[in-house]
Amino acid sequence: MENKPTVLVVDDEFGVLQSFKMVLKDEFNVLLAATGADAIDLFNKNAVDLVLLDILLPDINGLDLLEKLKDLDSSIEIIMITAVKDIQTAVKSIRMGAYDYIVKPFDVIEVLKVIKRALEKRDLIRKVIYLKNELVRFNYFEEMVGQDEKMIRVFELISMFSQTDGTVLIQGESGTGKELVARAIHNRSNRKDQPFVVINCAAIPPTLMESEIFGYQKGAFTGASTTVIGKLEIANKGTVFLDDIDSLTIAMQSKLLRIIQEKEFEKIGSRKIVKLDVRFVAASNKDLLQMTAKGEFREDLFYRLNVLPIDLPPLRKKKKDIIILVKHFLELYSRNTGNPVKEISREAMEVLIKYDWPGNVRELKNLVERLTTIVKGSVINLADVSLLTNRKKGDIQGTRLKEAVNLFEKKYITEVLEKVSFNKGEAAKMLGIHRNTLINKLNELGIKF
Ligand SMILES: Nc1ncnc2c1ncn2[C@@H]1O[C@H](COP(=O)(O)OP(=O)(O)OP(=O)(O)O)[C@@H](O)[C@H]1O
Ligand SMILES: [Mg+2]
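Treat the numbers as computed from the prediction; the structure is a model and nothing was measured. (Residues numbered from 1 in each chain as written. Chains lettered and ligands numbered in written order. Predicted model: local features only at pLDDT ≥ 70, side-chain atom pairs only at ≥ 80, totals over all residues. Heavy atoms only, no water.)

### Looking at the packing of helix α13 (residues 322-337) against helix α14 (residues 346-354)
The description of two helices packed together rests on the angle between their axes and the distance between the axes. Interaxial distance between α13 and α14 falls to 10 Å at its minimum, and their mutual angle equals 120°. When you trace α13 past α14, the crossing you get is right-handed. The residues of α14 that touch α13, namely those facing I322, I323 and V326, are M349, L352 and I353. In the contact of α13 with α14, the residues fall into 6 nonpolar, no polar and no charged. (Axes fitted to C-alpha atoms, helices over the stretch in contact; angles between N-to-C directions. Helix = DSSP H or I, 4+ residues; strand = E, 2+ residues; numbered from the N terminus. Left-handed = near helix turned anticlockwise from the far one by under 90°. Contact = heavy atoms within 4.5 Å. Nonpolar A, V, L, I, M, F, W, Y, C, P; charged D, E, K, R; others polar.)

### Quick notes on the domain arrangement of the protein
Segmenting the protein into domains produces domain 1 (6-134), domain 2 (141-313), domain 3 (316-393) and domain 4 (401-445). A separation of 55 Å is found between the C-alpha centroids of domain 1 and domain 3. (Domains from an automatic or database assignment.)

### Overview of the site of ligand 1
Near ligand 1 there are 18 residues, and of these S174, G175, K178, R362 and K365 occur at the shortest range. The separation between an oxygen atom of ligand 1 and a polar main-chain atom of T176 is 3.3 Å. Between L180 and ligand 1, the recorded distance is 3.2 Å, taken from a backbone N or O atom to an oxygen atom. Two domains share the shell around ligand 1, each providing at least three of its residues, namely domain 2 (141-313) and domain 3 (316-393). (Near = heavy atom within 4 Å. Polar contact = N/O pair within 3.5 Å; in protein donor to acceptor, adjacent residues only side chain to side chain.)

### Observations regarding the environment of A383
Tracing the sequence through the fold places A383 in helix α16 (residues 382-389). Taking the relative accessible area as the measure of exposure, A383 reaches 59% and is therefore exposed. Each C-alpha atom of the pair A383 and I310 lies 38 Å from the other, and the pair is 73 residues apart in sequence. (Buried < 20%, exposed > 50% of the residue type's maximum accessible area, 1.4 Å probe, protein only.)

### A look at the packing of aromatic side chains
Summed over all chains, the structure comprises 5 aromatic pairs. Considering the side-chain rings of F196 and F241, the 5.9 Å spacing of their centres and the 25° angle between planes classify their relative orientation as stacked. One end of the pair, F196, is in strand β9 (residues 196-200); the other, F241, is in strand β12 (residues 239-243), with 45 residues separating them in the sequence. With centroids separated by 5.0 Å and ring planes inclined at 75°, the aromatic side chains of F302 and Y303 adopt a geometry described as edge-to-face. For Y303, a relative accessible area of 48% translates into the label partly exposed. (Phe/Tyr/Trp six-rings, centres within 6.5 Å; stacked < 30°, edge-to-face > 60°.)

### A word on the nonpolar core
Core analysis: the biggest nonpolar cluster contains 31 residues, and L232, V240, L242, I245, F280, F297 and L305 have the highest contact counts within it. Listed by contribution, the elements that provide at least two residues to this core are β9, α8 (206-214), β12, α10 (250-262), β15 (279-284), α11 (288-293) and α12 (299-305). Among the elements that take part in this core, α10 stands out by supplying 5 residues, more than any other. (Core = buried A, V, L, I, M, F, W, Y, C linked by side-chain atoms within 4.5 Å.)

### Digging into the pattern of salt bridges
Following the criterion strictly, the structure yields 22 salt bridges and no others. With a closest N to O distance of 3.7 Å, R122 and D49 form a salt bridge. Placement of R122 in helix α5 (residues 108-137) and of D49 in the loop between α2 (36-45) and β3 (50-54) is noted, with a sequence separation of 73 residues between them. D49 carries the same exposure label as R122, and that label is buried. In this structure, E350 engages R346 in a salt bridge whose closest nitrogen and oxygen atoms are separated by 3.5 Å. Remark: R346 and E350 occur in helix α14; sequence separation between them is 4 residues, near one turn of the helix. Given the relative accessible area of 36%, E350 is considered partly exposed. Among the charged side chains, a network of salt bridges with common partners joins D11, E13, D54 and K104. (Salt bridge = Lys/Arg side-chain N within 4 Å of Asp/Glu carboxyl O.)

### Let's talk about helix α18 (residues 424-431)
Of the residues that open α18, the one with a side-chain oxygen 3.0 Å from the backbone nitrogen of G425 is N423. Two residues or fewer past α18, G432 is found with a positive phi of approximately 70°.

### Structural notes on the pairing of strand β8 (residues 168-171)
Alternating residues of β8 divide into V168 and I170 and L169 and Q171, and every residue in both groups is buried. In this structure, β8 lies alongside β15, joined through 4 bridges in parallel fashion. Across the sheet, the residue bridging to L169 is A282, located in β15. Summarising the sheet, β8 and strand β16 (residues 308-311) pair through 4 bridges and their orientation is parallel. Bridge assignment links L169 to a residue of β16, and that residue is P309. (Pairing = 2+ DSSP bridges.)

### Here's the deal with the sheet that holds β12
Spatial strand order, β9-β12-β15-β8-β16: 5 strands in an open sheet with parallel pairing. The open sheet has two edge strands, β9 and β16, and neither has a second partner. Between one strand axis and the next, the sheet turns by 20° as a mean value, whatever way the strands run. Two strands pair when backbone bridges link them, and β12 and β15 are joined in this way by 4 bridges, in the parallel orientation. Bridging from a neighbouring strand, L242 pairs with A282 of β15.

### What to know about the sheet that holds strand β1 (residues 6-10)
Strand order in the open sheet made by the 5 strands is β2-β1-β3-β4-β5, with parallel pairing throughout. The two strands at the open ends of the sheet, each matched to only one other strand, are β2 (29-33) and β5 (100-104). Averaged over all pairs of adjacent strands, the angle between their axes in this sheet comes to 20°, without regard to strand direction. In the sheet, strand β4 (residues 77-83) pairs with β5 via 5 bridges, with the strands oriented parallel. When the bridges of β5 are listed, I79 appears paired with D100. The sheet strands contacting helix α1 (residues 14-24) are β1, β2, β3, β4 and β5, and the helix crosses β2 at an angle near 175°. Where helix α4 (residues 87-95) meets the sheet, its contacts fall on β4 and β5, and the angle it forms with β5 comes to roughly 160°.

Here you go:
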């Protein structure tokens, strides 16, 4: 059958069936039935979009057939065909769910109008149902879970921004999902089959940064024994993710600015200009605007990056999401380990909701992972959770000495650092340790600022 809506006409008068067929056949697939039994048979065998139904049938009352068809498919639209003397019954049929009725002898134009309106209504209802499903699906977006309005907004921004080539700046505390967002933007863009290259500005020492990003020509400097392709070149046609962009030295910031503006660069040790076709996504867990005010980040680079901004809320500001995130990670670890999904008691969940999550979603994910390995039974209880989250309230019973010492050191060092406005030299002096020892400790304890 052709790709036209299908209309089933049910009437016991041969002449009526034929005239409907004449009127409808250009725009619809037309099925004809002279009895109720035939009608149900055809209805079951075909994807019928609309039924025209005579109220008077030999083997069944039209109203009963109406009910039967609605039982088979509650979304089917039915238009009753009636004689003038039967108007009362037709009105009753509307109360029973018929869309409308037409009176014999019918007017062709009128019939077509009614049918089209009925089909439009059906399409609309389908669209609404589809949209509702889309919204439900929004709890899962790429690999992200979220139903807090702030996250729904983030999902909308990702959808929009991924359709453009503009530079995106993602800001948010550590562990809020900045890298996930960057990957989601890439995966939804038309660059998705090209590389997604991460340049971790904090992890690469400043002295190696340049060769890492730009690559170099063989013989460019002593020790350059081969030609090395830089990350920018590797990323060509794809997306470059500049992670922890706040860590770039001012000198590198200037170089990067030029590249973003000109979309080309010179390989170290060669005169060759490399043309770039990449989309930049940058991330920072520090307030870059504040850094520009202090002269620590170039203002012009900030505005180049901040074309399409996305701010990720910390977990304590989207507490609504804690429950679904916990469930999501419980399912994830059950899939990974092949064990059944663990339950979590209400009291335990309440503790998780109250906690303020300084390490955000990453901390929650790690906690759930530890819980799934520590807890042997099928339910995670209050006691299991308190052991892992209540420590900052001084309740360190059951914590190993080393862990307790770490906790104390972390707290104390952070306090000292705050006191001296995060000047590491000053802090080291106050703590009576060497500056390098302090820096090692900060790394070891995972203190970031
Ligand atoms: N909405 C979310 N749904 C599911 N998992 C999430 C969500 N947000 C973050 N995660 C998970 O939390 C962890 C941290 O996320 P991610 O690495 O993207 O954070 P980040 O903001 O880049 O942190 P950092 O600043 O420390 O690099 C990852 O394992 C990520 O999969
Ligand atoms: Mg990250």
